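Close look at the chain arrangement
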Amino acid sequence: PAAVAPPTIGPNGCEHEPIHIPGAIQPHGLLLVLSDPGMQIIQISANAMQWSGLAAEALLGQPVSVLIDDALQAGLHHQLGEPAALEQPHYLGATAIGSQRCDVVAHRRGGQLILELEPQPVDAGMGVDLGWTNTIYPQVRSFVAQLPSCHALEPLCMLAADEVRLMTGFGRVLIYRFEDDDHGCVLAESRQPDYDSYLGLHFPESDIPRQARELYRLNPIRLIADAHYQPVPLIPAHHPQTGAATDLSLAALRSVSPLHLQYMRNMGTLASMSISIIVGGRLWGLIACHHAQPRHVALPIRMACEHLGQILSLQIEAKQDNEEAQHGRDLSRVLVRLLASMAERDSLVDGLTAMPNELLQLAGADGAAVVSSGRCVRIGDAPTESAIVDLVDWLSRQDVGGRYSSEHLEADYPGGSASLSPAAGVLAISISQLHRHYVLWFRHEIVRTVDWAGDPTKTGHSQDGEAALTPRSSFARWRQTLHGYARRWRASEIDAADQLRHAILAVALRRAEEMAALNE
Ligand code: BLA
């Protein structure tokens, strides 16, 4: 069989490698592409002989019944008759191939019907023979039973990491969260004592490139049983009818990027499994499992882990929604007090500045200012009047709509950020359709230290000297200190500022109309 060509990755990074069409699988199972509805084998992985005793070439063109028993075939027929048939991989059951029991999963992708057969490991990954089917369900159950005692995100993640380690026997299990810029950070960890800790470490965005993150949203679990494996090509390499490479996005056996295999070897992780955490339709993070030696995890256990991942995702979503909603309600109460104060006074500015604490609370700010008609009222720990006036001048020339926010003025407002010190972040709303009237909130710098797993700038260089990304070789803690950043403005705070803006504009408009009516 033809060797699988290594991908060529240019200096633009890793995100161009077409990881969904590798033309090959990992060796711990057998993959078939079947004609639909004929159920004849039209592509098969080159390792057919190893698992079935029959050569791949001899199996091409044969009905699938030469490999799977009648009951499974009937199950497959039944599934194909369902609406949206097999859009997601479906577990058909186990069949005997020779003396091996194999788990069988079917799905459709890109118009192709794909069947995967995975021999059940004798030691199913629990370190004990058999009995494992009886222990998975109680374990997921015990996870669910402990959920009510986890009131915060961290203990919830710790619990999930512990349970996944118990279910799979991996040496280290991490809960990894993507931040706004898609770099990631380890929130929770469960590990055997002889594994190094990754807790609190950050990993650059390029470690899990964009197309991989997109794929992991579609397909929530992957196992790499041995980072030294030899990929097994499909025969023929391209689908004979379409001439295209078969899309393996949803195939559990899909061969993974050789660059990532290098990364794993550099990390000293010869087996890995990751389970997607999907919150609000977005890839929020991963449950990432590591083992120093190769390790296979039986399909039923992986399905249980996938299920645990779904439960964890729902819990995180509920917690986040609750927390944001609670914070939003708190801010609404503050907003009501501010609006009442404005209603009591002729001048809106007087109304706002009469309640300095509320004004600061609304955005969780250290300082604030209200700028209108040549006046600048400063509250709390605000920058100097002249610095504020310059900022307003700059803001009014930016095309930002009614609101502007920055957590890092040093980069966003290069000319004047020094004069605003110690403020490092600003949230501003314009409160007049006609004039340069603004409410501004300021936040001080918070010096951030970020502990990276290895110097993230050390990715680079390929053998031929061309700039190309390769996985870095050290994951030793590398501390970066970031200056000039304020705490991020939360969605609920920005939302509260927007509400204040709309209320002020509405009140101002009504007052203007009343004045006009009086003058008639
Ligand atoms: C994939 N990279 C991945 C995956 C993880 C990581 C978890 C998913 C596959 C898996 O489950 O193993 C990275 N693993 C991590 C991180 C931690 C971890 C951050 O355990 C933290 C604890 N990677 C690079 C560079 C490139 C690269 C430089 O560092 C590209 C040149 C590529 N990583 C890369 C690719 C994939 C990947 C292409 C997709 C692999 C696939 O699914 O085919």
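Rules used in this analysis
- Residues numbered from 1 in each chain as written.
- Predicted model: local features only at pLDDT ≥ 70, side-chain atom pairs only at ≥ 80, totals over all residues.
- Heavy atoms only, no water.
- Helix = DSSP H or I, 4+ residues; strand = E, 2+ residues; numbered from the N terminus.
- Buried < 20%, exposed > 50% of the residue type's maximum accessible area, 1.4 Å probe, protein only.
- Contact = heavy atoms within 4.5 Å.
- Near = heavy atom within 4 Å.
- Polar contact = N/O pair within 3.5 Å; in protein donor to acceptor, adjacent residues only side chain to side chain.
- Nonpolar A, V, L, I, M, F, W, Y, C, P; charged D, E, K, R; others polar.
- Pairing = 2+ DSSP bridges.
- Axes fitted to C-alpha atoms, helices over the stretch in contact; angles between N-to-C directions.
- Phe/Tyr/Trp six-rings, centres within 6.5 Å; stacked < 30°, edge-to-face > 60°.
- Lys NZ or Arg CZ within 6 Å of the ring centre and 35° of its normal.
- Domains from an automatic or database assignment.
- Salt bridge = Lys/Arg side-chain N within 4 Å of Asp/Glu carboxyl O.
- pLDDT = per-residue confidence, 0-100.
- Core = buried A, V, L, I, M, F, W, Y, C linked by side-chain atoms within 4.5 Å.

1. A few points about the overall build of the chain
- From N to C terminus, the chain includes 14 helices and 20 strands.
- Taking the principal axes of its C-alpha atoms as reference, the chain extends roughly 95 × 55 × 45 Å.
- Scored against the burial criterion, the 520 residues of the chain give a buried share of 50%.
- Contacts in the chain between residues far apart in sequence, at least 24 positions, make up 64% of those at least 6 positions apart.

2. A look at the site of the ligand
- Lining the immediate environment of the ligand, one finds 29 residues, of which Cys14, Tyr216, His260, Ser274 and His290 sit closest.
- Between the ligand and Ser257, the relevant distance is 3.0 Å, taken from an oxygen atom to a main-chain nitrogen or oxygen of the residue.
- Here Ser272 contributes a side-chain N or O atom positioned 2.7 Å from an oxygen atom of the ligand.
- For the shell around the ligand, the secondary structure elements donating two or more residues are β7 (172–178), α6 (210–218), β10 (221–224), α7 (258–267), β12 (271–279) and β13 (282–291).
- In terms of residue count, the dominant contributor to the shell around the ligand is α7 (three residues).
- Across the shell around the ligand, the residue classes break down as 17 nonpolar, eight polar and four charged.

3. Side note on the pairing of strand β15 (residues 375–380)
- In this structure, strand β14 (residues 367–372) lies alongside β15, joined through six bridges in antiparallel fashion. Residue pairing for β15: Ala368 is matched across the bridge by Ile379.
- Count of turn residues in the β14/β15 antiparallel hairpin: two residues, of which Ser373 carries a positive phi of about 35°.

4. With respect to the pairing of strand β16 (residues 403–406)
- Of the two faces of β16, only the one carrying Tyr404 and Ser406 is buried; Arg403 and Ser405 on the other face are not.
- As defined by bridge partners, β16 adjoins strand β17 (residues 423–430) across four bridges and the pair is classed as antiparallel. Across the sheet, Ser406 pairs through a bridge with Val426, a residue of β17.

5. Some details on the sheet that holds β17
- Taken in spatial order, the five strands make up an open sheet running β15-β14-β18-β17-β16, and their pairing is antiparallel. Edge strands, defined here as strands with exactly one partner in the open sheet, are β15 and β16. Here the average twist between neighbouring strands, direction ignored, is 15°.
- Two strands pair when backbone bridges link them, and β17 and strand β18 (residues 438–444) are joined in this way by seven bridges, in the antiparallel orientation. Of the residues in β18, the one forming a bridge with Gly425 is Arg443.
- Against the sheet, helix α11 (residues 385–397) touches β14, β15, β16, β17 and β18, its axis set at about 115° to β18.

6. Details of the packing of aromatic side chains
- Considering all chains together, one arrives at six aromatic pairs under this definition.
- Aromatic pair Tyr198 and Phe203: ring centres 6.0 Å apart, planes at 55°, arrangement tilted. Each of the two residues, Tyr198 as well as Phe203, counts as buried.
- With centroids separated by 5.2 Å and ring planes inclined at 85°, the aromatic side chains of Tyr263 and Phe475 adopt a geometry described as edge-to-face. A residue pair is termed long-range when its members are at least 10 positions apart, and Tyr263 in helix α7 and Phe475 in the loop between β19 (448–453) and β20 (477–482) qualify at 212 residues.
- On the accessibility criterion, Phe475 (11% relative accessible area) is buried.
- Between the NZ or CZ atom of Arg443 and the centre of the ring of Trp489, over which it lies, the distance is 3.9 Å.

7. Considering the domain arrangement of the chain
- In terms of domains, the chain is made up of domain 1 (24–320) and domain 2 (345–447 + 483–519).
- The distance between the C-alpha centroids of domain 1 and domain 2 comes to 50 Å.

8. Things to note about the sheet that holds strand β11 (residues 232–235)
- Judged by pairing direction, the sheet is antiparallel, and its seven strands sit side by side in the order β1-β11-β3-β2-β6-β5-β4 without closing on themselves. Two strands lie at the open edges of the sheet, namely β1 (24–25) and β4 (90–97), each paired on one side alone.
- Relative to strand β6 (residues 112–119), strand β5 (residues 100–109) runs antiparallel, the two being bridged by eight bridges. The residue of β6 that forms the bridge with Val105 is Glu116.
- The strands that helix α3 (residues 70–80) touches are β2 (30–34), β4, β5 and β6; relative to β4, the one it contacts most, it runs at about 160°.

9. Focus on the environment of Ala387
- Turning to its location among the elements, Ala387 is positioned in helix α11.
- Sequence spacing of Ala387 and Ser417 is 30 residues, and the spatial spacing of their C-alpha atoms is 8.7 Å.
- Setting aside residues up to four positions removed in sequence, Ala387 forms contacts with Ser419 and Leu420.

10. With respect to the pattern of salt bridges
- Under the counting rule described, the total for this entry stands at 23 salt bridges.
- In the salt-bridge network here, residues are joined through shared partners; they are Asp180, Glu407 and Arg488.

11. Structural notes on the confidence of the model for the chain
- For the chain, the average pLDDT comes to 89, and 93% of its residues sit at 70 or higher.
- Under a pLDDT of 50 for its full length, residues 1–11 has, in the predicted model, 19 contacts with residues more than four places off or in other chains.
- Per-residue pLDDT stays below 50 along residues 463–467; that stretch engages in three contacts with residues further than four places along the chain or on separate chains.

12. Re the nonpolar core
- Grouped together as the largest cluster of nonpolar side chains are 38 residues, with contacts concentrated most on Ile175, Met273, Ile287 and Leu312.
- Contributions of two or more residues to this core are made by α4 (132–146), α5 (153–168), β7, β8 (184–191), β10, β12, β13 and α8 (299–344).
- A per-element tally of this core places α5 first, with eight residues.
- Each residue touching Met273, except ones within four places of it in the same chain, is listed here: Thr168, Phe170, Ile221, Arg222, Leu223, Ile287, Ala288, Cys289, Val297, Arg302 and Cys305.
- Counting residues in each nonpolar core, the second largest holds 27 residues, with Leu331, Val334, Leu335 and Ile429 among its members.

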